[in-house]
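An overview of the molecular structure
Letter by letter, the chains look like this.
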Amino acid sequence: MKTRPLPELPAGTTALHQKLQAQEALFLENERRNPESPYYHGDADPARQRRRFLLGSVAALGAAALAKTGAAHAKAPPGAIERTVFPDPTKAQGVGVGVDDGGYGFRSQFETEVRWRFGTKTTESSWSMTPLEKSQGIITPSGLHYERHHGGIATIDPTKHMLYIHGMVDEAKKFNMQDIRRFPFMSRICFLECSGNGLTEWIKPTLKTVQGTHGLTSTSEWTGVPLSTLLNEVGVKSGGKWLLAEGGDAAVMTRSIPLEKAMADCFLAYGQNGEAIRPEQGYPLRLVVPGYEGNMCIKWIRRIEISDTPFMTREETSKYTDLMPDGSALQFSFTMEAKSVITYPSGEMLLQRPGFYEITGLAWSGKGLVKKVEVSVDSGKNWREAKLHGPILPMCHTRFSIPWEWDGKEAILQSRCTDETGYVQPTIKELVAQRGTNGPLASIYHLNGIQSWKVAATGEVSNVHHY
Ligand SMILES: Nc1nc2c(c(=O)[nH]1)N[C@H]1C(S)=C(S)[C@@H](COP(=O)(O)O)O[C@H]1N2
Ligand SMILES: [Mo]
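Residues numbered from 1 in each chain as written. Chains lettered and ligands numbered in written order. Predicted model: local features only at pLDDT ≥ 70, side-chain atom pairs only at ≥ 80, totals over all residues. Heavy atoms only, no water.

The pairing of strands in a sheet happens through backbone hydrogen bonds and is either parallel or antiparallel. With antiparallel pairing, the three strands of this open sheet are ordered in space as β1-β2-β3. The two strands at the open ends of the sheet, each matched to only one other strand, are β1 (116-117) and β3 (147-149). Where strand β2 (residues 126-129) and β3 come together, three bridges link them in antiparallel fashion. Each residue of the ladder has a partner; that of Ser-126, found in β3, is His-149. (Pairing = 2+ DSSP bridges. Helix = DSSP H or I, 4+ residues; strand = E, 2+ residues; numbered from the N terminus.)

Structure below.
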């Protein structure tokens, strides 16, 4: 049965906000008890503390027995295999090569962060978000890349997959994956961002963590064929100005892309971070449109049609338009404007004591390079320029950091990105003034306003709106 994709957002702002808050509260309850989590708030529950003490003494008593049986186990989180933890790893052999990793490998059982799924009714039309709070450098591990599917994850046999290119071309052609792999390839590290990233945050701070407020963006190294190579192969007729990209999933997602952009830097990716692209990201082939909103990067791509006009698909008439204050809708708002966010410290973390902290975060711009990131710790009164860590690449996440001596008093942390065009990341208030509040959540798409995190005197960090 072919299912129609659900509407992008359930109607009713409050219901959605409440549902998301409840779901995130549950997630946080678990994280707060996990000593490996950045959200660890110590063991506040006295009953749990007592159990811990008892376990501690059992462990001391059992040390001799442990040496013989090699026992204590740590509970493995998803994406890890549970291995025995020896009190002294120098006194026991480690795990043999290839014994329990299936030849592929897993991360440490002590690393617990996972993607977090938004509270939609079905898992097929869903978002899942990257845990940015523990991110390091700029690459998102493939298993933590954010996901946005309108009709579930298509399962496609690469030996049967075809890409058709037709319309205003000299000769319509079809390519199988072997054909595509024979063309000269390219690799590029760039970000993808869902234009719905932050959609809950227009009216009031809603989600508590940076995963919730900003987790619909990730960075990968993508490998594939420039779209211009294939378009030259079929020969675009003069007058061709737009192309339609169509996905081979249940949603048959389609979007119009200006030919000029397609020829400039779009590419068809079959590789992600050194291996085949993941099913969630569009295996075996996806379109990458650097710097443009994520929904244009059609996954499981099976058809490209050339035309002289845009195709006016559902995704560019009903969805992915921006409702303006006068009731008109802005169409084809492709570019993801400059944005940044502090990932550490961020919402729901607990600073244990005053003193030194290295504030860090990510900045990016769909228009090119990040030129400057400034950080304020006093709600925007004073700004200091942060250090940008290499590699600094156009249309790519850029890591920044800045030292901070916390005096133990309430502080509001903010970051502000300036890109190479001179564009400065605006406040949320400025954006609301521009876009108005006609949409179901005020506005929906393209929220790139400055994020504020409040550090309370207790050390608790929370999501606030602060201008
Ligand atoms: N075929 C197809 N392509 C698609 C989608 C989809 O549902 N089907 N979702 C789009 C949206 S809205 C986004 S934000 C990105 C998400 O890419 P990711 O899941 O690899 O992060 O893919 C886009 N391409
Ligand atoms: Mo999206």
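This brings us to the nonpolar core. Counting 90 residues, the largest nonpolar core has Leu-163, Leu-227, Leu-243, Leu-287, Ile-301 and Trp-404 as its most contacted members. In terms of residues, this core owes the most to one element, strand β17 (residues 355-364), which gives five residues. Looking at which domains feed residues into this core, each of domain 1 (143-325) and domain 2 (339-464) gives three or more. Dropping the residues within four chain positions of it, Leu-243 is found in contact with Leu-227, Leu-231, Arg-255, Ser-256, Ile-257, Leu-259, Ala-262, Ile-304, Glu-305, Ile-306 and Phe-311. (Core = buried A, V, L, I, M, F, W, Y, C linked by side-chain atoms within 4.5 Å. Buried < 20%, exposed > 50% of the residue type's maximum accessible area, 1.4 Å probe, protein only. Domains from an automatic or database assignment. Contact = heavy atoms within 4.5 Å.)

With that settled, the discussion passes to the packing of aromatic side chains. One pass over the structure, following the stated rule, counts 13 aromatic pairs. Seen in terms of ring centroids, Phe-27 and Trp-116 are 6.4 Å apart; in terms of plane orientation they differ by 45°. Their pairing is tilted. With a gap of 89 residues between them, Phe-27 in helix α1 (residues 13-32) and Trp-116 in strand β1 connect regions that are remote in the sequence. Taking the relative accessible area as the measure of exposure, Phe-27 reaches 15% and is therefore buried. Ring centres of Tyr-357 and Trp-404 lie 6.3 Å apart, and the angle between their planes is 45°; on these two criteria the pair is classed as tilted. Residue Tyr-357 is found in strand β17, and its partner Trp-404 is found in strand β21 (residues 398-406); the two are separated by 47 residues along the sequence. (Phe/Tyr/Trp six-rings, centres within 6.5 Å; stacked < 30°, edge-to-face > 60°.)

For the rest of this paragraph, the subject is the sheet that holds strand β9 (residues 254-258). Taken together, five strands build an open sheet; the order of strands is β5-β4-β13-β8-β9 and the sheet is mixed. Of all the strands in the sheet, the pair left with one neighbour each is β5 (173-176) and β9. Averaged over neighbouring strand pairs, the angle between their axes works out to 20° when direction is ignored. In this structure, strand β4 (residues 162-167) lies alongside strand β13 (residues 301-307), joined through four bridges in parallel fashion. By the bridge assignment for β13, Tyr-164 is matched with Arg-303. (Axes fitted to C-alpha atoms, helices over the stretch in contact; angles between N-to-C directions.)

What follows concerns the site of ligand 1. In the neighbourhood of ligand 1, 20 residues make up the surrounding shell, with Tyr-146, His-150, Asp-249, Arg-286 and Lys-299 lying closest. Contact between ligand 1 and Arg-286: an oxygen atom at 2.9 Å from a side-chain N or O atom of the residue. Bound to the protein, ligand 1 loses 100% of the 540 Å² it would expose on its own. It is β3 that provides the largest number of residues to the shell around ligand 1, a total of three residues. Tallied by class, residues from the shell around ligand 1 come to seven nonpolar, seven polar and six charged. (Near = heavy atom within 4 Å. Polar contact = N/O pair within 3.5 Å; in protein donor to acceptor, adjacent residues only side chain to side chain. Areas by Shrake-Rupley, 256 points an atom, 1.4 Å probe, with all protein chains shown as cover. Nonpolar A, V, L, I, M, F, W, Y, C, P; charged D, E, K, R; others polar.)

If a residue is not glycine, its phi is most likely negative; likewise, a peptide bond is most likely trans. Cis geometry is found at the peptide bond from Tyr-283 to Pro-284, where omega equals 10°. Its location among the elements puts Pro-284 in the loop between β11 (275-276) and β12 (286-288). With an omega dihedral of -5°, the bond running from Gly-390 to Pro-391 counts as a cis peptide bond. Of note, Pro-391 is situated in the loop between β20 (387-389) and β21. Residue Asn-273 is not a glycine yet carries a positive backbone phi of 50°. Inspection of the secondary structure assignment puts Asn-273 in the loop between β10 (267-272) and β11. By relative accessible area, which is 23% here, Asn-273 ends up partly exposed.

Let's shift gears to the pairing of β10. The buried fraction of β10 amounts to six of the six residues, a majority that puts the element mostly inside the structure. One ladder, built from five bridges, connects strand β7 (residues 217-226) with β10; its direction is antiparallel. Residue pairing across strands places Gly-224 opposite Ala-269, the latter belonging to β10. Of the pairings in the sheet, the one linking β10 to β11 comprises two bridges and is antiparallel in character.

Let us now look at the pattern of salt bridges. In the structure shown here, the tally under the stated rule is 23 salt bridges. The salt bridge involving Glu-293 is made with Arg-255; its shortest N-O contact spans 2.7 Å. With Glu-293 in the loop between β12 and β13 and Arg-255 in strand β9, this residue pair connects regions lying 38 residues apart in the sequence. Per residue, the accessibility class of Glu-293 equals that of Arg-255, and both read buried. In this structure, the salt-bridge partner of Lys-367 is Glu-337, at a minimum N-O distance of 3.0 Å. On the criterion of sequence distance, the pair formed by Lys-367 in the loop between β17 and β18 (370-376) and Glu-337 in the loop between β15 (329-330) and β16 (339-344) is long-range, its members being 30 residues apart. Counted as one network, the salt bridges with shared partners bring together Arg-107, Glu-111, Glu-113 and Lys-134. (Salt bridge = Lys/Arg side-chain N within 4 Å of Asp/Glu carboxyl O.)

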